[in-house]
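Chain by chain, the residues run as shown.
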Amino acid sequence: MNVLKQLKQFYWKDRYLLFASIVCLMCSTALGLVYPHLLRFLIDDVIRQEQYQWVPYLALTVVAVVAVKATFAFLHGFSGGRLGNRVAFNMRNALYEKLQYLSFQYYDRAKTGDLMSRLTADLEAIRQFIGFGFAQILNVFIMFTFGTITMLLMDWKLTLVTFVTMPFLVFTALRLERKIHPGFRAIRLANSNLTTAVQENINGMRTVKSFAREPYEVEKFTVRNEEYKGSNIHLSQTWANYFPMMELLSSVCVAILLVTGGMFVINGSMSIGELVAFFSFIWYIIAPMRDIGFHINNYTQSKASGERVLEILNQYVHVKDKDNAVALRPEQVSGSIRFDEVTFAYPDKQPALTKFDLDAPAGSVIGLLGGTGSGKSTVIQLMLRAYNIKEGRILLDGKDIRDIKIETLRQQIALVFQETFLFSSTIRNNIAYGRKDVSDEEIIRASKLAKAHDFIMELPLGYDTVVGERGMGLSGGQKQRIAIARALIKDPKILILDDATSAVDMETEHEIQAGFQELMKGRTTFIIAHRISSLKHADEILVLDEGRIVQRGTHESLLKQSGAYFETYKIQYSDHPDFTSHKEERRVAN
Ligand SMILES: Nc1ncnc2c1ncn2[C@@H]1O[C@H](COP(=O)(O)OP(=O)(O)OP(=O)(O)O)[C@@H](O)[C@H]1O
């Protein structure tokens, strides 16, 4: 119940629907108790007394009871359905909103398939339980209590005799719960494995095909599909065993009632009408007993689902605004960045940056060069405040970024990544993503600067072409140019190009960079690149190795030193005429 209490905010504001659903179900159940009484009246007072003139009135009463009962049943379904859907709607929104604000640290460990199943299957279990399950559990107790009291009032001796099999019914129902709960869990797990396999397969289809591993993928899927089928069959088997067992026990109960009740009728202590009524009432006891295992299971399942949903909702947000954080106004930002002795390690890892210093005056261009895992992307992540640093500080225009509202900090920065993610929408919407009101002219201007306009115009629908979630149908370079246009449209004070031109050829890179010269004016630009050609115009180039700065300076000054920069230059420019002259310069300098 603790879980339900914690989820209260989602259903309590619609509590009138919950109460309406419970009251309507109770009324509908209570009206069901009228039938056995009508039957008793029909047999004892109408048929046996030969008072047939009552038959039409009785028939009309039955129709009226049925109509009112059906109305209550409808109202129960209506209010329960509405409640369940509203709760699911509110929770879905809350979960999605939370997912937007959870920090990078959370996503470093999160699994897409698992999150998807929480947002779908778990929400569905909660919707069902809050909409219907809760009222139905209450109804089980109400039916049992109403039925037992009425039967005791009619004939307590017969009631006690018939109840002999009840403990067996309850025992079997509870045993079922113990069996189907792990059964359902196994199905959920198998289902999650199955969806993960499909999801990974679709994401990695290019890799699968390039390695010609389709048969292996089919086999892998077949194994998981087999597991899914197996767990479903296992559960069906449990149900298949359960129903005949319950049927048998119910029949024994009915048989005892008929034998004992029959004897009571023969010796005159009970009327035939009462026996028939009793016969109807007994189902009021048996039916909820049969369902009790199922309802308990629904409850435990929705409780487990509730826990999984709450785990996300209660997840700690590592990076958030301070209470007195200041909002930056774009016109006041000039874009100077300083890293002051920053040391940072990802959770449970060696430091990715150690005593990192950097001074980037507004409008300067900083190049970051270094091998794989040397910490280049980490510098950028920290500037965005994707993670909190514990040692050192990062300043934007002299203000510690921890004192700035994250949203306004990130509004000043635009990034172009090595891997471009495009949303499944039109090219126009993808380019306009970073801003609310953008004119077509601005989109075209940004595309022209990013050298994307020409190829976009060659597409059949131009800017209205819909691209897939990974920009299917576009080349790597084309996707990257769209990403560059998307960054430009933000008109950022700080521009970050994280290996941004790696997917375009040298000639296009040159063209894009020519566009950048114009664009970088008045912006602080960080360029992470493996190609020296992308960095050589930078005001300062930092060479990183295992999170430490091993060299820093301009292209010209770095070429005069021996070290990682010159080694990289040597590899990339060995067949270039400039190379020989620099080699000579270094020889003289050393
Ligand atoms: N999200 C993360 N969680 C844990 N460790 C990380 C994470 N991102 C990077 N690292 C680790 O931090 C170190 C620096 O990584 P970083 O991505 O900054 O390097 P990089 O220089 O950008 O490399 P590359 O050129 O390959 O992109 C590496 O040891 C890496 O394994």
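Since the model is a prediction, treat every value here as computed from it, not as a measurement.

*Asks:* Mind showing me how you'd approach the overall build of the protein here?
*Replies:* Looking only at helices and strands, the protein features 23 helices and twelve strands. The globule rule puts the C-alpha radius of gyration for 590 residues at 25 Å, and the 36 Å found for the protein is more than 25% above it. Taken along the three principal axes of its C-alpha coordinates, the protein extends 125 × 50 × 50 Å. A burial count over the protein gives 30% of its 590 residues as buried. In the protein, the proportion of contacts linking residues at least 24 apart, taken out of those at least 6 apart, comes to 79%.

*Asks:* Help me out: how do you make sense of the packing of helix 7 (residues 112-154) against helix 9 (residues 166-203) in this one?
*Replies:* Two quantities define a packed helix pair, namely the angle between the axes and the distance from one axis to the other. Axis separation between helix 7 and helix 9 bottoms out at 10 Å; the angle between their running directions is 125°. Taken together, the axis directions place helix 7 and helix 9 in an arrangement best described as oblique. The handedness of the crossing between helix 7 and helix 9 comes out as right-handed. Where helix 7 approaches helix 9, its residues Thr112, Gly113, Asp114, Ser117 and Ala121 are matched on the opposing element by Arg188, Ser192, Thr195, Thr196 and Gln199.

*Asks:* Help me out: how do you make sense of the UniProt feature "domain: ABC transmembrane type-1" (unreviewed entry) in the protein in this one?
*Replies:* Look at the UniProt record and you will see "domain: ABC transmembrane type-1" (unreviewed entry) annotated at residues 19-301. As annotated, residues 19-301 comprises 90% helix and 0% strand, and the C-alpha atoms at either end are separated by 23 Å.

*Asks:* Help me out: how do you make sense of the pairing of strand 12 (residues 548-553) in this one?
*Replies:* For a regular strand, side-chain orientation follows a simple rule: the groups alternate between the two sheet faces. As judged from the five bridges shared by strand 11 (residues 540-545) and strand 12, these two strands associate in the antiparallel manner. Within strand 12, the residue paired with Val543 across the bridge is Gln551.

*Asks:* What am I meant to see in helix 18 (residues 476-488) here?
*Replies:* Since the α-helix advances by 3.6 residues per turn, residues separated by three or four positions end up pointing in the same direction. A rise of 1.5 Å per residue sets the reference length of helix 18, with its 13 residues, at 18 Å; its end C-alpha atoms lie 18 Å apart and thus fit the reference within 8%. Of all the 13 residues making up helix 18, eleven are buried; the element is thus mostly covered by neighbouring parts of the structure. Along helix 18, the positions that sit buried rather than exposed are Gln478, Lys479, Gln480, Arg481, Ile482, Ala483, Ile484, Ala485, Arg486, Ala487 and Leu488.

*Asks:* How do you make sense of the sheet that holds strand 2 (residues 351-360) when you look at a structure like this?
*Replies:* Sheet strands pair by backbone hydrogen bonding; their relative direction is either parallel or antiparallel. Read from one edge of the open sheet, four strands run 2-1-4-5, paired in antiparallel fashion. Every interior strand has two partners, whereas the edge strands, strand 2 and strand 5 (399-400), have only one. Sheet analysis places strand 1 (residues 337-345) next to strand 4 (residues 391-396), joined by five bridges and oriented antiparallel. Its bridge partner lying in strand 4, Arg338 is registered against Leu395.

*Asks:* I tried to follow the domain arrangement of the protein on my own but got confused; where do I start?
*Replies:* Interface size, as often reported, equals the accessible area lost upon joining of the parts. Here the protein is described as being made up of domain 1 (2-313), domain 2 (320-412 + 498-506 + 517-553), domain 3 (420-491) and domain 4 (555-590). In this structure, domain 1 and domain 4 have C-alpha centres spaced 77 Å apart.

*Asks:* What am I meant to see in the site of the ligand here?
*Replies:* Around the ligand, the neighbouring residues are Asp108, Tyr346, Lys349, Ala352, Gly370, Thr372, Gly373, Ser374, Gly375, Lys376, Ser377 and Thr378. Looking at the shell around the ligand, the element that brings in the most residues is helix 13 (residues 376-383), giving three residues. Looking at the shell around the ligand, its residues break down into two nonpolar, seven polar and three charged.

*Asks:* What should I look at first to understand the environment of Val365 in this one?
*Replies:* Topologically, Val365 is positioned in strand 3 (residues 365-370). Owing to 21 C-beta atoms within 10 Å, Val365 belongs among the buried residues under this scheme. In this view, Val365 contacts Met520, Thr525, Ile527, His537, Ala538 and Asp539; residues no more than four positions away in its chain are not counted.

*Asks:* Would you explain the sheet that holds strand 10 (residues 524-528) in this entry?
*Replies:* Taking strand neighbours across the sheet as the criterion, the six strands line up as 6-9-10-3-11-12 in an open arrangement whose pairing is mixed. Strands at the two margins of the open sheet, each flanked by one partner only, are strand 6 (413-416) and strand 12. When the angles between neighbouring strand axes are averaged without regard to direction, this sheet yields 20°.

*Asks:* Whenever I open this one, the packing of helix 5 (residues 55-101) against helix 12 (residues 272-313) confuses me. Can you help?
*Replies:* Interhelical geometry of helix 5 versus helix 12 gives an angle of 40° and a closest axis separation of 9 Å. Comparing the axis directions of helix 5 and helix 12 gives the class oblique. Listed contacts from helix 12 to Met91, Ala94, Leu95 and Lys98 of helix 5 are Val309, Ile312 and Leu313. Partitioning the contact of helix 5 with helix 12 into residue classes produces six nonpolar, no polar and one charged.

*Asks:* I would appreciate a short explanation of helix 12 in the present structure.
*Replies:* With 42 residues, helix 12 should cover 62 Å at 1.5 Å per step; its first-to-last C-alpha distance of 60 Å lies within 8% of that length. Along its length, helix 12 shows its largest kink, about 40°, at Ile292.

*Asks:* Whenever I open this one, unusual backbone geometry confuses me. Can you help?
*Replies:* For residues other than glycine, phi is negative in most cases, and the peptide bonds are mostly trans. Backbone geometry places Glu341, a non-glycine residue, at a positive phi of 50°. The class of Glu341 is exposed, set by 11 C-beta atoms lying within 10 Å. Positive phi, normally seen in glycine, also occurs at Lys451, with a value near 55°. When you line up the elements, Lys451 lands in the loop between helix 16 (440-449) and helix 17 (453-458).

*Asks:* Where do I start with the pairing of strand 6 in this structure?
*Replies:* Side chains of strand 6 alternate between two faces, with Ile413 and Leu415 and Ala414 and Val416 buried alike. In this sheet, strand 9 (residues 494-498) lies alongside strand 6 in parallel orientation, the contact comprising four bridges. Residue pairing in the sheet places Ala414 in a bridge with Leu495 of strand 9.

*Asks:* Explain the nonpolar core to me, please; I cannot follow it from the model alone.
*Replies:* In globular proteins that are soluble, nonpolar side chains generally tend to be buried together. Counting 65 residues, the largest nonpolar core has Leu368, Ile431, Ala446, Ala485, Ala487, Leu488 and Ile527 as the members making the most contacts within it. Counting residues per element, this core draws most heavily on helix 18, which supplies six residues. Residues Leu169, Ala173, Ile286 and Met289 belong to the second largest nonpolar core, which totals 22 residues.

How each quantity is defined
- Residues numbered from 1 in each chain as written.
- Predicted model: local features only at pLDDT ≥ 70, side-chain atom pairs only at ≥ 80, totals over all residues.
- Helix = DSSP H or I, 4+ residues; strand = E, 2+ residues; numbered from the N terminus.
- Rg over C-alpha atoms; globule rule 2.2 N^0.38 Å.
- Buried ≥ 20, exposed ≤ 12 C-beta atoms within 10 Å, placed from the backbone.
- Contact = placed C-beta atoms within 7 Å.
- Axes fitted to C-alpha atoms, helices over the stretch in contact; angles between N-to-C directions.
- Parallel < 35°, antiparallel > 145°, perpendicular 65-115°, else oblique.
- Left-handed = near helix turned anticlockwise from the far one by under 90°.
- UniProt positions renumbered as here; feature names shortened; annotations may be inferred.
- Pairing = 2+ DSSP bridges.
- Expected span 1.5 Å × (residues − 1).
- Domains from an automatic or database assignment.
- Near = placed C-beta within 6 Å.
- Nonpolar A, V, L, I, M, F, W, Y, C, P; charged D, E, K, R; others polar.
- Bend = angle between axes of the 7 residues up to and from the residue.
- Core = buried A, V, L, I, M, F, W, Y, C linked by C-beta atoms within 7 Å.

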